[in-house]
Amino acid sequence: MSISDSGFDILSIFDDGPEPQLDISQDIALRVRNLQVKFRRQHVLKGVNFDVKRGEVLGFVGASGAGKSVLLRTMIGLIQPTSGTIEVFGQEFSKAKELREQLIERHWGILFQHGALFSALTVRQNVQFPMREYLNLSPRLLDEVAAAKLKMVGLPPEALNKMPSELSGGMIKRVALARALALDPAIVFLDEPTSGLDPISAGEFDNLIRTLQRTLGLTVFMVTHDLDSLHSVCDRIAVLADGKVIAAGPMSTMLASEHPWLKAYFRGKRGRVGATM
Amino acid sequence: MSSEALLAAAVVGDRLELSAAGDWTADRANDLERLVMAAALPTQSPIKAVRVDMERVAKLDTYGAWLLERLLRGSRESGAAADVINLPDQFRTIVETVHQTTELPDPERLRRTSVLDWLATVGENIAEVGRSALLFAQMLGAVTFAFLRVFWRPRTFRFTSLVNQIDLVGWRAVPIILLITFLIGAILAQQGIFHFRRFGADVFVVDMVGILVLREIGVLIVCVMVAGRSGSAYTAEIGSMKMREEIDALQTMGFDPISVLVLPRILALVIAVPMLTFLGEMSALYGAGLVASLYGGIQPEVFMQRLREVISIDHFMVGMVKAPFMAMTIGIVACVRGLETKGSAESLGAQTTAAVVQSIFLVIVLDGIFAVFFAAIDK
């Protein structure tokens, strides 16, 4: 019995099997368990646990230097975690690089804080970049979908032929969002999407994220400091402090909390206006 | 899922009935586009209406929604009424959103081919050469002005920066300069001996190597190395400072970028390059002497004596006089190119390339001018 079992195992190595598919209809889009990140001397993340449900917008807050950026960069695979697991739609990817390349990166989009547009490419080429890489489409369809994506983020098609250096800060964020959405991802990571925008543009950007999230059924993981964004866009908020998630829940939970840092953050001077909304 | 036809067509009277099914997503967009194009109506077709049944579509994303939109628009343009039935509720928003994209982009500009454009490019390049010359003169003036101001107010001079730059472009360049010039001297001597031996003129190799190295090769090799090693670094440093608005920050704080960044760098080159030239020339002569003794059988004493006979201080000075001028040329070109950098990474690359190419070119032009000058004064 055991011999035949091992024989089967050996044979199964040569069997490619069906191509792995990412099942994006699961209820939990992201599951992070006991995630730890240590740098040479610093212990930045000391066991982070949280889930992001499919179709929700999770806002991540925390003091400057609390490790939000490290968490985000670890989740998108730019930093190797010391220990712990990150599952994207049930697939643990932190160890398996091939899996990440083939499956997961096709299903997520990332908006970097400063846009990270490729400065040598036009807006059109920036938005089409992931499409060209992953999909085999005709030039006409590439152009049309790029225009549709730009329209979604509120930019006119004239912007297509501009270079990133000719764009304003708000436009850069919009183009970067269009590029993040290029492949119709299931999950979008946003790193401080409204930082550097004036309050009106920030508000518009919040609405845009909300609208797109509903239209495309996105799951959004957002790191932000903007209390207005937290109020208007996020379904749930998670708070990172001292390398751990100290609270998670909707805005009402945050406002009701008696934790001193949460109190200062959500009910401080700058929080009051938002809180009364 | 994949076996099911994404789009099936049937004609009922004067109506084309299309029934869509399966995944209308990015991964299948290529097949879908083909089907949608195939379903497009020919002009003058008898069909007066198109109806798309979306009931059995399992997934729909922007790509699928756009292709549906294209199908509908195409039908309407050819004069048929088009509508969608049984669109599942969860897809309604995406279809409506895509429908709002009214203006389509022009196709990407085609590569220019006409003769006129070719001439225009030539003209642009010539204008660019003129502009480079102007910028060079401008920078020369600005640096001279900044240098003179140092005499008036010596405390404004960045002495630490100068020392640091001399360390970077001078001291740390010594090993590679010694190695390269040693090899060049050795190769020259070997080639000379190999060919002169046929005429029994071995010993004249000392004349050739001595004059060539001291007058021309030593300083040229050093300048080419410095342009590639330090000139490119200057352009990249100043260029990335420009990109990150550091230069603007300096200016708004009341500092002159020329005095703070450019002057110490150019002075460092003017001081370091003659030193490197001297070291390089000695190293080349040593290499030549070594090869002459090992390969050519010219004893070191003979080599030294022959060298004393043919080399005068003039030969040495001709080489050394050129060094600071060439250093200044390299420094100015590199700093001009750095300050010309625009926002993109591509521009930084282009400017760095231009800095190295232009400074090597100008160094050789300058060498030619010096050759004419020294010939005229019989040195």
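Nothing here was measured: the structure is a model prediction, and the numbers come from that model. (Residues numbered from 1 in each chain as written. Chains lettered and ligands numbered in written order. Predicted model: local features only at pLDDT ≥ 70, side-chain atom pairs only at ≥ 80, totals over all residues.)

(A) Molecular detail of the overall build of chain B. Scanning chain B for helices and strands turns up twelve helices and four strands. Here chain B holds 379 residues, and the buried ones make up 35% of them. Here the contacts in chain B between residues at least 6 apart in sequence split such that 84% fall between residues at least 24 apart. (Helix = DSSP H or I, 4+ residues; strand = E, 2+ residues; numbered from the N terminus. Buried ≥ 20, exposed ≤ 12 C-beta atoms within 10 Å, placed from the backbone. Contact = placed C-beta atoms within 7 Å.)

(B) Representation of the packing of helix α7 (residues 204-243) of chain B against helix α12 (residues 345-376) of chain B within the structure. Residue and element names in this part refer to chain B. At a minimum axis distance of 9 Å, the contact between α7 and α12 shows a crossing angle of 150 degrees. When the interaxial angle is binned, α7 and α12 end up roughly antiparallel. Here α7 runs over α12; the crossing is right-handed. Split into classes, the residues belonging to the contact of α7 with α12 amount to eleven nonpolar, nine polar and two charged. (Axes fitted to C-alpha atoms, helices over the stretch in contact; angles between N-to-C directions. Parallel < 35°, antiparallel > 145°, perpendicular 65-115°, else oblique. Left-handed = near helix turned anticlockwise from the far one by under 90°. Nonpolar A, V, L, I, M, F, W, Y, C, P; charged D, E, K, R; others polar.)

(C) View of the interface of chain A and chain B. Listed as interface residues are 25 residues of chain A and, on the opposing side, 24 residues of chain B. Taken together, the elements giving at least two residues each to the side of chain A that touches chain B come down to α5 (139-152) and α7 (199-216) of chain A. The leading source of residues in the side of chain A that touches chain B is α5(A), at nine residues. Split into classes, the residues belonging to the side of chain A that touches chain B amount to 13 nonpolar, five polar and seven charged.

(D) Looking closely at the environment of Q351(B). The residue Q351(B) is located in helix α12 in this model. Those residues in contact with Q351(B) that lie beyond four places of it in its chain are T235(B), G239(B), R337(B), G338(B), E340(B) and T341(B).

(E) Structural context of the nonpolar core. Ranked by internal contacts, the top residues of the largest apolar core, which has 102 residues, are L58(A), L150(A), I187(A), V188(A), F189(A), V220(A) and M222(A). When residues in this core are grouped by element, the largest group, eight residues, is from α5(A). Every residue in contact with I187(A), bar those within four places of it in the chain, is listed here: A29(A), L30(A), V88(A), H107(A), W108(A), T219(A) and F221(A). In this structure, A268(B), C335(B), A355(B) and V356(B) belong to the second largest nonpolar core, which totals 56 residues. (Core = buried A, V, L, I, M, F, W, Y, C linked by C-beta atoms within 7 Å.)

(F) Representation of unusual backbone geometry within the structure. All names here are of chain A. Phi is positive for N34, which is not a glycine, with a value near 50 degrees. Relative to the helices and strands, N34 resides in strand β1 (residues 28-38). With 13 C-beta atoms counted inside 10 Å, the residue N34 sits in the partly exposed group. At A116, a residue that is not glycine, the phi angle is positive and equals roughly 50 degrees. Assignment of secondary structure puts A116 in the loop between β6 (108-111) and α4 (123-134). A tally of 16 C-beta atoms within 10 Å means that A116 is categorised as partly exposed.

(G) How the structure looks around the sheet that holds strand β4 (residues 81-85) of chain B. All names here are of chain B. Across the sheet, four strands lie side by side as β1-β2-β3-β4; this open sheet has mixed pairing. Single-partner strands in this sheet number two, and they are β1 (7-12) and β4. Between one strand axis and the next, the sheet turns through 20 degrees on average, direction left out of account. (Pairing = 2+ DSSP bridges.)

(H) Inspection of the pairing of β6(A) at higher detail. Residue and element names in this part refer to chain A. Judged by which residues are buried, β6 turns out to be covered on both faces: W108 and I110 on one side and G109 and L111 on the other are all buried. Bridge analysis of β6 against strand β7 (residues 187-191) gives four bridges, and the strand direction is parallel. Bridging from a neighbouring strand, W108 pairs with I187 of β7.

(I) Highlighting the packing of helix α1 (residues 29-38) of chain B against helix α2 (residues 62-77) of chain B. Residues and elements named next belong to chain B. One can describe the packing of α1 onto α2 by two numbers: an axis separation of 10 Å at closest approach and a directional angle of 10 degrees. For the element pair α1 / α2, the angle class is roughly parallel. Here A29, L32, E33 and V36 of α1 come into contact with α2, specifically with Y63, G64, L67, R70 and L71.

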